Amino acid sequence: MEVLRCKMKLAFTLCMIITSTVFCLAQSSLSQKWIELPKDKLLVEEVLREVFPSYKIQISYSDNIVPLKKTIRFKQKINQVGKVLDEIIRNEDLVWVEEDNQIFLKFYNRPEYEYSYTISGKIREQGTNEPLIGAYILSEENQKGAVANAYGFYSLTLPGGKHNVKVNFIGHESIEESIHLTKNTVFNFSLNPKLQELLDVVVESKSEIEMSYQNTLMGTNKLNMDVVGDIPYFLGEVDVFQSSLLLPGITNVGEGTSGINVRGGSSDQNLILLDEALIYNSHHFFGLTSVFNPDAVNDIEIYKGSYPVNYGGRLSSVMHIRHRDGNNEKFSLSGGLGLITSRLLLEGPIQKSKSSYLISGRSTFWDFLTRGANNPAISDYRANFRDFNAKFNFDINKNNKIYFSGYVGQDENKFGLDVLRKWGNDVFSMRLNHIHNVKLFSNFTAYISNYSYRVIEEDDKASFVGTSKITDYALKSDFNYFRNPEHIYNFGGSVTFHRLAPGKRIPGVSSTNNEVDLGSEHAVESYAYFSNEIKLNPKVTMTSGLRFSHFSLLGPGDVFMYSSGTTKTINTIVDTVSYSSGENIKTFFNVHPRITLKYQLNETSALKVNYSSLVQYMHRLSNTITPSSSDIWKASGTYLKPSTGDQFTVGYYKYFKKSSFEASAEAFYRKNKNIVEFKGGADLLFNPAIETELLSGTSRSFGFEVFLKKDLGNLSGWLGYTLSKSEIMVDGEYEEEKINNGTYFPTDFNRTHDLSLSAIYRLNKKWTLSSNFVYQTGRPFSFPSGKYNFDGFIVPHYEERNRNRLPDYHRLDVAARLEGRQIKKNGKVKKTKSYWVFSMYNVYSRRNTQAYLFRESEENPEQTEVVRYSLLGVLVPSVTYNFKF
Amino acid sequence: MKHYQSHITRWKRNTLAFCVFILAVCCEDSINLDLPLGAERIVISGWITNLEEPYTVSVSRTVGFNDQTTDPGISGAEVYVLDRFSNRFDFVETNESGTYHSNASELVGTPGNAYVLHVNISGGSQYASAWEVLNAVSDLDTVFFDTAFDPELPITDPNAKVYFTKGAINDIPNVRNFYRWKMYINDTLKNKPEEIVIFDDKFTNGNVFETKVTDVFLKSGDKLKLEQWSLSQRAFDYYSLLISQISSDQIGPSTPPSTVKGNIFCLDDQEELVLGYFGASEITVKYAEVTP
């Protein structure tokens, strides 16, 4: 309650700040007077001759100089008189003065620079027309600028007159344009991608102004696909998630495991979005690769510090992956062959320059090799995955654009006499971009995201098909209002309907199994947000926002009542409350203030502080150390409370102009409450009273991250270092509800030191060399405090969890990229571009410890042994071939 | 069927298969690791069944994991079992220290009866189990064998056949039933962690259903003795947790390590952690021989 009160207070203060920045104070009494307008759209004539007289406001003016027929649109009906007058004189040769309780509208020879006009439009890549997300436009005259949003839209309001505008985007040639602003103008810019040869000659550097226009958010990483594609990977498999592990603050439990952990958060606390749509399971194939096909990716945004207010629903991080739209100028085909996957991507215009498509597919082929084996024990093995993306977009007219996207992915495995398992995501979305006017941009999204997991047992009498599923139906809208370079407003909202079907088993024809169906769970999650980015003065920028969220668990459903004074078990159920369809079972409301202050110390450095408040209503139930594809999701309700989190971050950011290095140092503290944990041996499968297996914990993490990055020049790459600690405490009321006696203990992914260095060097036009080095403290591990014999088994006895550690982890990888021949023997330029990537993972064959196994000795079952298990103990070479027509 | 193992052994196999097939690079080696020595705990275990034979209760202590000496059984304890009708059955220590036997002519478990174990350690504390009901076991209808191709034999040998066991169980309707299978092949109990077979009737209640054991392979000519035990829910949960802890599988999505708590308590100090389990079960036995 105390916390909620605190949050409400903070929310109220923020509200006040936002409001006070929106409304400027007028100078004197008459102009400060509040009046109510009859309509929000009025002629100047109506204001002067009807509204003002009705409030007994005396005003003197000459009909010759006042534009009586001009229409003014007011944002609200209640306004101060001064505000109304400001609207009347905007962009007119007029001025208003207040003297002796009377207002005079006078002629004023307004110079051109006092007029303000907006240039707006889209910034795209020349040749493909892909939006350049985060490209920026600057007026060199008055040093004001704007950044293109996720759809390439920008809006920059400038004084009238001549401007030299410069448009920049990394890896692209800048454009300089001289414009004379006399009215609101639409300007679309197309930037040429920089040819690699040119990189030898030009050493780029960002301007100071550009630095100051970098957004205020903290703990943000934008991965550049050009860079991501060039670093070495395990088996040459380029992957967004694997590359994100090289950033500070992001770790995982070990090689060959699914799930990534950001700043001490569990892996279900990451909000993973593909083109605005939420993805429930973002891994394929033992966590080796993510569901995002690297060929189709345009932009990767990772937020681990300050979360933009439009994102929420998860506690730990936001990873928004945006796919490319597809080239709307010409057709192209690209793809690659690798040891794990092979890929193909087609893109091209549907109607040139107006609409395009992008279709891509990936699949593993290696288990086709085993299918040929004579021994069915091997040929029956399945371990494969495939995914398919299709995206279409159409420019309806200059203000409207529509997108249709689809993703279908499936993993499959079967080992020996085991069951066949299949799982995957299906996501379909429709988006509409609408430009309301030169300053207001909006995007509307409707999507369906489904994750399903299936188990198929074909053995005659035991046959069955088991499924679990989660489906989201969501609608959302996001608005960006670029009032002027000093004020940017973002607002929007969303409603999502969750349908969870945690378990259903249908027996086969001759099966002796019973049909079991746990039914489905329904919930509605919604939010609304508003944020304001304001330049308070040339040095201080503030981004503040509020997010209101709501979650309702709805019937039909049964809620068990448990006897009080004891831990919940199926034996302590005393009653069942049944809810009918659509009936409200439990509702939660939350308010989340978020605020970031940026102080520009000088032209190249800045300080930032941030506070973010978060909530998570959907929980993944996984009683294993790393997530499994069979994990089910559960909505917050009567017993499972929403998880809440607070994060504070302080950071220092510096740009070294000469060497074009970007550096940052951030310190963070994060505390999360109501984190789901599990009783020892929890049975989560087909359990209608799942709350009897759940525990609730509090986690806290703090750390310090250093990041040094160089995007430009022949040598590029980054260095990331994190010093951190993350812990969890599970201290329930009863003995069965405690872990480690209710004290804080390290999380499975708490690595004290985490260092990664990635470097890419363009040796010449043909060769690019790259390398990664990773060093991490070994992850927390549990050593047995003893052993005993039970029923002939030797049982390692554990009293405490995660009080020990594995040895430190380190690894070096190298890769070389060889560009294919670009000139034919007859001297003509080849149409096909191709390149080879040769990589060596774990160059010095480090045998990193994945786990210790405490077990009976294989030679002598009477004795026990400690076995060190390493997933990789040798150098792993690989080669991939990539092409583009 | 062994749904409780869903992501333990399977994921191990996945990971191994993944290694073996793609890379053949994962490796294991036995090492010396300094392990902390925790507090000594009392371990008590024993079963009452319907078989007319002496039942065993063992009383011992935990030792350090690296300690390779034999289990130090606790001698001289007073061990007895009470049944629902307050009959007391004393256990007598055998030549093996810490091992106590009942008198087979006095105590034979009967389905429906409930039992509680008491152990008073001389010069130590008094311990007791929770009450365990000896549940009736469902009929083991038939036992037969199916063939599989041995994954451990060379890929090139198409005839590398092995046998695995299947059984049809006539499940008792209207109650939750929990089972354990103990398999003796040529008179040797299969007792490796991956050879523990437990299952329940969660999805087959009241039906004649089949279960199969895919982790124990037999050869032609092998003789099988199969014991089907009835477990209480508590014993089943205990075994599930035990399996997750002794499968020594920290690869892939594995269960976090935890204390395997049983149903034994210290009467003098409620806070004292006591390990082990005292259970009661009806056993039905079937014999079969693998014929080609």
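One numbering rule holds for all chains: residues counted from 1, following each sequence as written. Chain letters start at A and ligand numbers start at 1, both assigned in the order the entries are written. Residues qualify for local features only when their pLDDT is at least 70, as the model is predicted, and side-chain atom pairs are given and counted only at 80 or more; totals for whole chains, interfaces and linings, by contrast, use all residues.

Trainee: Looking at this structure, how should I read the overall build of chain B?
Mentor: By definition, any uninterrupted DSSP run of H or I lasting at least four residues is a helix, any uninterrupted run of E lasting at least two residues is a strand, and each is numbered from the N terminus. Of regular secondary structure, chain B possesses 2 helices and 20 strands. Counting the 292 residues in chain B, one finds 42% classified as buried. By the convention adopted here, residues make contact when the C-beta atoms placed from their backbones lie within 7 Å. By sequence separation, contacts in chain B at least 24 residues apart represent 69% of the contacts at least 6 residues apart. Neighbour density around each residue's C-beta defines its exposure: 20 or more other C-beta atoms within 10 Å make it buried, 12 or fewer make it exposed, and counts between make it partly exposed, where C-beta atoms are placed from the backbone.

Trainee: Is there a simple way to explain the overall build of chain A in this structure?
Mentor: Check the secondary structure of chain A and you find 10 helices and 58 strands. Since a compact globule built from 885 residues should have a radius of gyration of about 29 Å, the 30 Å found for chain A is in line with a globular shape. By principal-axis analysis of the C-alpha atoms, chain A measures approximately 105 × 85 × 55 Å. Long-range pairs, those at least 24 residues apart, make up 64% of the contacts in chain A between residues at least 6 apart in sequence. Here the radius of gyration uses the C-alpha set of atoms, whereas the globule reference equals 2.2 Å times the residue count to the power 0.38.

Trainee: How do you make sense of the nonpolar core when you look at a structure like this?
Mentor: Considering soluble globular proteins, one finds that nonpolar side chains tend to be buried as a cluster. Leu-273, Leu-274, Ile-279 and Ile-321 of chain A are the most contacted members of the largest nonpolar core, which has 69 residues in total. The element that contributes the greatest number of residues to this core is strand E19 (residues 270-274) of chain A, accounting for 4 residues. Not counting residues within four places of it along the chain, the set of residues in contact with Ile-279 of chain A comprises Ile-272, Leu-273, Leu-274, Val-291, Asn-425, Val-427 and Ser-449 of chain A. For this analysis, nonpolar core means a set of buried Ala, Val, Leu, Ile, Met, Phe, Trp, Tyr and Cys residues linked through C-beta atoms within 7 Å. Membership of the second largest hydrophobic core comes to 54 residues, among which are Tyr-55, Tyr-100, Tyr-163 and Val-213 of chain B.

Trainee: Where do I start with unusual backbone geometry in this structure?
Mentor: Negative phi is the rule for most residues except glycine; trans is the rule for most peptide bonds. All names here are of chain A. Gly-555 connects to Pro-556 through a cis peptide bond whose omega is 5°. As for its position among the elements, Pro-556 is in the loop between strand E36 (540-554) and strand E37 (557-562). We note that Ser-845 has phi near 50°; this positive angle belongs to a residue other than glycine. Note on Ser-845: 12 C-beta atoms within 10 Å, which makes it exposed.

Trainee: Help me understand the environment of Asn-207 of chain B in this model?
Mentor: In this fold, Asn-207 of chain B is placed in the loop between strand E14 (197-200) and strand E15 (208-218). Apart from residues no more than four positions distant in its own chain, Asn-207 of chain B is found in contact with Thr-512 and Asn-514 of chain A together with Asp-171 of chain B.

Trainee: Sorry, what's going on with the sheet that holds strand E10 (residues 139-149) of chain B here?
Mentor: Hydrogen bonds between backbone atoms are what pair the strands of a sheet, whose relative direction is either parallel or antiparallel. Residue and element names in this part refer to chain B. A strand pair is defined by DSSP finding two or more bridges across the two strands. Strand order in the open sheet formed by 3 strands is E10-E11-E15, and the pairing between neighbours is antiparallel. The outermost strands of the open sheet, each flanked by one partner alone, are E10 and E15. Recorded for the sheet is a direction-independent mean angle of 25° between the axes of neighbouring strands. Sheet analysis places E10 next to strand E11 (residues 161-170), joined by 10 bridges and oriented antiparallel. Among the inter-strand pairings, Phe-144 is bridged to a residue of E11, identified as Lys-166. Between N-to-C directions, angles span 0 to 180 degrees; the directions come from axes that are lines fitted to C-alpha atoms, helices contributing only their stretch in contact.

Trainee: Whenever I open this one, the environment of Lys-202 of chain B confuses me. Can you help?
Mentor: Residue and element names in this part refer to chain B. Secondary-structure assignment places Lys-202 in the loop between E14 and E15. Given 20 C-beta atoms within 10 Å, Lys-202 falls into the buried group. Each C-alpha atom, one on Lys-202 and one on Phe-178, is 8.9 Å from the other, the two residues being 24 residues apart in sequence.

Trainee: I tried to follow the environment of Glu-515 of chain A on my own but got confused; where do I start?
Mentor: All names here are of chain A. Inspection of the secondary structure assignment puts Glu-515 in the loop between strand E33 (487-507) and strand E34 (516-517). Judged by C-beta crowding, with 11 C-beta atoms within 10 Å, Glu-515 ranks as exposed. Separated by 302 residues in sequence, Glu-515 and Arg-817 place their C-alpha atoms 55 Å apart. The contacts of Glu-515, once residues within four sequence positions are left out, are Arg-505, Ile-506 and Pro-507.

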